[in-house]
Amino acid sequence: RKEVEQDPGPFNVPEGATVAFNCTYSNSASQSFFWYRQDCRKEPKLLMSVYSSGNEDGRFTAQLNRASQYISLLIRDSKLSDSATYLCVVMPPSNTGKLIFGQGTTLQVKP
Amino acid sequence: DGGITQSPKYLFRKEGQNVTLSCEQNLNHDAMYWYRQDPGQGLRLIYYSQIVNDFQKGDIAEGYSVSREKKESFPLTVTSAQKNPTAFYLCASTTRDRVFGYTFGSGTRLTVV
């Protein structure tokens, strides 16, 4: 089983739609969780951290479910500019700071 | 402005050659990391360093070497022993508490010709 698993997609949605991505992780003792966005042929950029209580940043909402070991990202009112690959990222329990990356979920927002 | 600079942006290597990828940061971050990304795949950890003069192998270290002589710099050498080096290489750094995840450089795209 992969340490971090995501549905690669692609998810094709119309502008204005709401879309949700899920991600599962294997190590129940994992400490920190993030969503990164990666545009084609560019470096990943931090979209948001994921907190136990859930957190929201504008149109983006992240949730963590420790009991089921998954995190989610909800995007409301999708824009064309949201088209990208979204990487689920988990920090396992260690003092190394290593992050484990999922393979990413590709989102295409269509006009 | 603070950030991470990777160079070159594109690099072409002949079979049997060693090449070195540069990574410099002015964020005063303690920890630095090298990842490799292949098409349609997630990032895989090559090497990482938490302090100067110390580094550790990641999941796919074979055929690569690093050094950390200065806090700001973490160069990666792709040796001739790396049989399939064509990939997108990303350098990252983070603070000691790692609360805010990584900051990435813009990457080096290496192609074997």
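Here is what the cut-offs are and how they apply
Residues numbered from 1 in each chain as written. Chains lettered and ligands numbered in written order. Predicted model: local features only at pLDDT ≥ 70, side-chain atom pairs only at ≥ 80, totals over all residues. Heavy atoms only, no water. Helix = DSSP H or I, 4+ residues; strand = E, 2+ residues; numbered from the N terminus. Rg over C-alpha atoms; globule rule 2.2 N^0.38 Å. Buried < 20%, exposed > 50% of the residue type's maximum accessible area, 1.4 Å probe, protein only. Contact = heavy atoms within 4.5 Å. Areas by Shrake-Rupley, 256 points an atom, 1.4 Å probe, with all protein chains shown as cover. Lys, Arg positive; Asp, Glu negative; His and termini not counted. Charge placed at Lys NZ, Arg CZ, Asp CG, Glu CD. Pairing = 2+ DSSP bridges. Axes fitted to C-alpha atoms, helices over the stretch in contact; angles between N-to-C directions. Polar contact = N/O pair within 3.5 Å; in protein donor to acceptor, adjacent residues only side chain to side chain. Buried area = accessible area lost by both parts, 1.4 Å probe. Salt bridge = Lys/Arg side-chain N within 4 Å of Asp/Glu carboxyl O. Nonpolar A, V, L, I, M, F, W, Y, C, P; charged D, E, K, R; others polar.

Engineer: So, the overall build of chain A: which residues are in play, and what are the values?
Structural biologist: Helices and strands together make up the secondary structure of chain A, namely zero helices and 11 strands. Moving toward the C terminus, one meets the helices and strands of chain A in the order β-β-β-β-β-β-β-β-β-β-β. Relative to the compact-globule value of 13 Å for 111 residues, chain A shows a C-alpha radius of gyration of 14 Å, a close match. C-alpha atoms of chain A, sized along the principal axes, occupy 45 × 30 × 25 Å. Counting all 111 residues of chain A, 47% fall into the buried class. Pairs at least 24 apart in sequence give 58% of the contacts found in chain A among residues at least 6 apart. Here chain A has roughly 5,300 Å² of accessible surface; of this, 47% comes from carbon and sulfur atoms. Charge centroids of chain A, computed over 12 positive and 10 negative side chains, lie 4 Å from each other.

Engineer: Describe in detail the sheet that holds strand E7 (residues 60-65) of chain A, supporting the description with residues and values.
Structural biologist: All names here are of chain A. Strand order in this open sheet of five strands is E1-E3-E8-E7-E6, and the pairing throughout is antiparallel. Because the sheet does not close on itself, it has two edges, and the strands there are strand E1 (4-6) and strand E6 (55-57). Across the sheet, the axes of successive neighbouring strands diverge by a mean angle of 20°, strand direction being ignored. Here E1 runs beside strand E3 (residues 19-25); their pairing, made up of three bridges, is antiparallel. By the bridge assignment for E3, Glu 5 is matched with Thr 24.

Engineer: Please set out the side chain of Thr 105 of chain A residue by residue, giving values where relevant.
Structural biologist: All names here are of chain A. With respect to the helices and strands, Thr 105 occurs in strand E11 (residues 105-110). Only 2.6 Å separates the side chain of Thr 105 from the backbone oxygen of Asp 7, close enough to count as a polar contact. Not counting residues up to four positions away in its chain, the partners in contact with Thr 105 are Gln 6, Asp 7, Pro 8, Phe 11, Phe 21, Ala 84, Thr 85 and Tyr 86.

Engineer: I'd love a proper account of the interface of chain B and chain A, names of residues and values included.
Structural biologist: Counting residues at the interface gives 22 residues for chain B, matched by 19 residues for chain A. For the pair chain B and chain A, the summed buried surface comes to about 1,700 Å²; carbon and sulfur atoms form 53% of the total. Of all residues in chain B, the largest losses of buried area upon contact with chain A belong to Arg 98, Tyr 102 and Phe 104 of chain B, amounting jointly to 27% of the total for that side. Where chain B touches chain A, the interface holds zero salt bridges. Viewed at the interface, chain A and chain B are joined by four residue pairs in polar contact (both at pLDDT 80 or more). Broken down by secondary-structure element, the contributors of at least two residues to the side of chain B that touches chain A are strand E4 (31-37), strand E5 (43-51) and strand E9 (87-94) of chain B. At four residues, the largest contribution of residues to the side of chain B that touches chain A is made by E5 of chain B. The class makeup of the residues in the side of chain B that touches chain A is 12 nonpolar, eight polar and two charged.

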